[in-house]
Structures are given as structure tokens and as C-alpha cells.
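Report on the structure
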Amino acid sequence: MIRTESLVQSYGRAPVLRGVDLAVEAGETVLLLGPNGAGKSTLFRCLLGTVAYGGSVSVDGRDPLRQGRETRRRIGYLPQSDGLQGDLTVAECARFASELRGLPRASGDRAVEQARLAEVADRRVDELSGGMRRRLCLALALLGDPPILLLDEPTAGLDRDSREELAARLAEACRDKTILLATHQPEEHAQLGARAVWLEAGQVVDGEPATQSGRTR
């Protein structure tokens, strides 16, 4: 369902991705591991079609650069930085996200309930705990029941209890989806039964990179 071949991407003269070959089958979960700066977030942007790249990318049979809007409709994206509008309430934020996806406002209300945030639906987003904000972000990524999820460090910055809670929510909500999940905490997502792919200096490497021993766990 996700394919990249000889994928390259640069910012100015600085190469970020250097010939990435990646395949994620329909219904499969893949953990994307690697240090900061390895190119994980840039790879996600290529799959979303929001940056130019060289090589070949296919997402559910679509070219993200030529069919960007159609491709993004198939994807639920949870960025590392949530970008939520803090002055909106939880309910307003979910309804606004629903409208952007062309969904009824009621879809946002259901997403809030499914994320177990109904009790704080009238609370401003900037008043939420970190764990609640990430649960809201996941709920927004799941709007419209997209078949593909791109999750960029979904538990980053959370305390232990919040990380475990969100990881459990992921396992519950993401059955039967195709998932690419970038993380520094692979052990937290073991229940997803995922395959691991290591990215280092913009390239897929076999096994665990020597420079990563003890740093991404």
C-alpha cells in the first residue's frame, strides 16, 4: 500500500533522504526507527505530497505529488508537533477538523467521545494535559476512518502513564489499518505486532545501526 523506490529529498544542497526503498503492505504496521535528523519526518512529508522529491512514491496506488489531495484523503496524519489551536474548545477543534475533511460536524463529536474526551469537550485546548492533547490529535487523525495512518512520535513528550495510555489507545483504534509509525520508544508499541525499519542519515539500514545502540530505546 505504501511504496518508495530510490526516494531522495534535499533541503537546498543538504540531502535528507538518500535513495530510500520502503514497502508497507496493506494492513501492516511498520515502526520507523532512527535518530533525530535521520529523515523520518521528511519521509512522511513526501508520502503526504507536501514537499518535492525525486524517485518514486506510491500511496494506495496514488502519486502524492500529482494526486496530493486524493492521496491525503486516504491518510490520517499525526504530526510530532500537534499544531492544535489552543483558543478553541476540544469540541470546536474536532468539528473544525471534520469540516476540513468534508465530514459532518457530528463526526467531530463522535471522535471526541471515542477519544474519551467528552468530559472536557467544552475546555479550551490550551488547558489540556499533554496526554489529552495527543489523544485529541489521534482522534483527529482517525476522522473519516482513513485506511492509512502516518504517526510521527505519537507518545513523544508524555509521562510514562500517558505514554502507556496512548499506546493502548493506538492498539485499540488502529486495527486493520496500514500504519507507519515513527518512534523512539518501540517497546511501547510491541502490542501492535509491528515490523521495524531503521533509518539512518536518510537511508534504510539492515538491523540496528551501531550508532544507535542504546539511544532509541
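This text follows the structure it describes.
Now for a quick tour of the structure. Owing to the predicted nature of the structure, the values given are computational and were not obtained by experimental measurement.

1. Things to note about the nonpolar core
With 38 residues, the main nonpolar core has Leu136 and Leu140 as its most contacted residues. It is helix H5 (residues 130-141) that provides the largest number of residues to this core, a total of six residues. With residues near it in sequence (within four places) discarded, Leu136 still touches Leu84, Val90, Cys93, Leu117, Val125 and Leu128.

2. What to know about the sheet that holds strand S9 (residues 203-205)
Spatial ordering of the open sheet is given by S5-S6-S7-S3-S8-S9, a layout of six strands whose pairing is mixed. Since the sheet does not close on itself, it has two edges, and those belong to strand S5 (75-78) and S9, each with one partner. Strand-to-strand twist in this sheet, taken as the mean axis angle between neighbours without regard to direction, amounts to 25°. Judged from the four bridges that link them, S5 and strand S6 (residues 148-152) form a sheet pairing that is parallel. Among the inter-strand pairings, Tyr77 is bridged to a residue of S6, identified as Leu150. The strands that H5 touches are S5 and S6; relative to S5, the one it contacts most, it runs at about 165°.

3. Overview of the sheet that holds strand S1 (residues 2-11)
Each strand in a sheet pairs with its neighbour through backbone hydrogen bonds, running either in the same direction (parallel) or in the opposite one (antiparallel). One open sheet holds the three strands; their spatial order is S2-S1-S4, and the pairing between them is antiparallel. In this open sheet, the two edge strands, each paired with only one partner strand, are strand S2 (14-24) and strand S4 (54-59). Pairwise comparison of adjacent strand axes, ignoring direction, gives a mean angle of 25° for this sheet. As paired strands, S1 and S4 are joined by five bridges and run antiparallel to one another. Its bridge partner being in S4, Glu5 is matched across the sheet by Ser56. Helix-sheet contacts for helix H1 (residues 40-48) involve S1, S2 and S4, and the interaxial angle to S1 is about 115°.

4. Re the side chain of Arg133
Among the secondary structure elements, Arg133 is positioned in helix H5. Assessed through its relative accessible area of 19%, Arg133 is described here as buried. From its side chain, Arg133 meets the backbone oxygen of Val125 in a polar contact 3.3 Å long. Apart from residues lying up to four places away in sequence, Arg133 is in contact with Asp82, Leu84, Val125, Asp126 and Leu128.

5. Looking at the state of the cysteines
According to the stated counting rule, one finds zero disulfides in the structure shown. Residue Cys93 stays outside any disulfide, its sulfur separated by 7.7 Å from that of Cys137, the closest cysteine.

6. Things to note about the pattern of salt bridges
On inspection of all chains with the given rule, the structure shows 15 salt bridges. In this structure, the salt-bridge partner of Arg3 is Glu25, at a minimum N-O distance of 3.0 Å. Placement of Arg3 in strand S1 and of Glu25 in the loop between S2 and strand S3 (29-33) is noted, with a sequence separation of 22 residues between them. Look at Arg3 and you get partly exposed, because its relative accessible area is 32%. Three or more residues joined by partner-sharing salt bridges are found here, namely Asp60, Arg62, Glu70 and Arg74.

7. Points about the pairing of S1
Sheet analysis places S1 next to S2, joined by eight bridges and oriented antiparallel. Its bridge partner being in S2, Val8 is matched across the sheet by Arg18.

8. Points about unusual backbone geometry
Even without a glycine there, the phi angle at Glu153 is positive, about 50°. Secondary-structure assignment places Glu153 in the loop between S6 and helix H6 (160-173). Non-glycine residue Ala201 carries a positive phi angle of around 50°. A residue is classified by how much of its surface remains accessible, and Ala201, at 44% relative accessible area, is partly exposed.

9. Here we look at helix H3 (residues 90-100)
When we look at burial in H3, the residues that qualify are Val90, Ala91, Cys93, Ala94, Ala97 and Ser98. Within H3, the buried residues cover an arc of 165° as seen down the axis, which keeps them to one side. Lining the buried residues of H3 we find helix H4 (105-114) and H5. Remark: Gly102 follows H3 within two positions and exhibits a positive phi of approximately 75°.

Conventions we followed
- Residues numbered from 1 in each chain as written.
- Predicted model: local features only at pLDDT ≥ 70, side-chain atom pairs only at ≥ 80, totals over all residues.
- Heavy atoms only, no water.
- Core = buried A, V, L, I, M, F, W, Y, C linked by side-chain atoms within 4.5 Å.
- Buried < 20%, exposed > 50% of the residue type's maximum accessible area, 1.4 Å probe, protein only.
- Helix = DSSP H or I, 4+ residues; strand = E, 2+ residues; numbered from the N terminus.
- Contact = heavy atoms within 4.5 Å.
- Pairing = 2+ DSSP bridges.
- Axes fitted to C-alpha atoms, helices over the stretch in contact; angles between N-to-C directions.
- Polar contact = N/O pair within 3.5 Å; in protein donor to acceptor, adjacent residues only side chain to side chain.
- Disulfide = S-S within 2.5 Å.
- Salt bridge = Lys/Arg side-chain N within 4 Å of Asp/Glu carboxyl O.
- Arc of directions from axis to C-beta.

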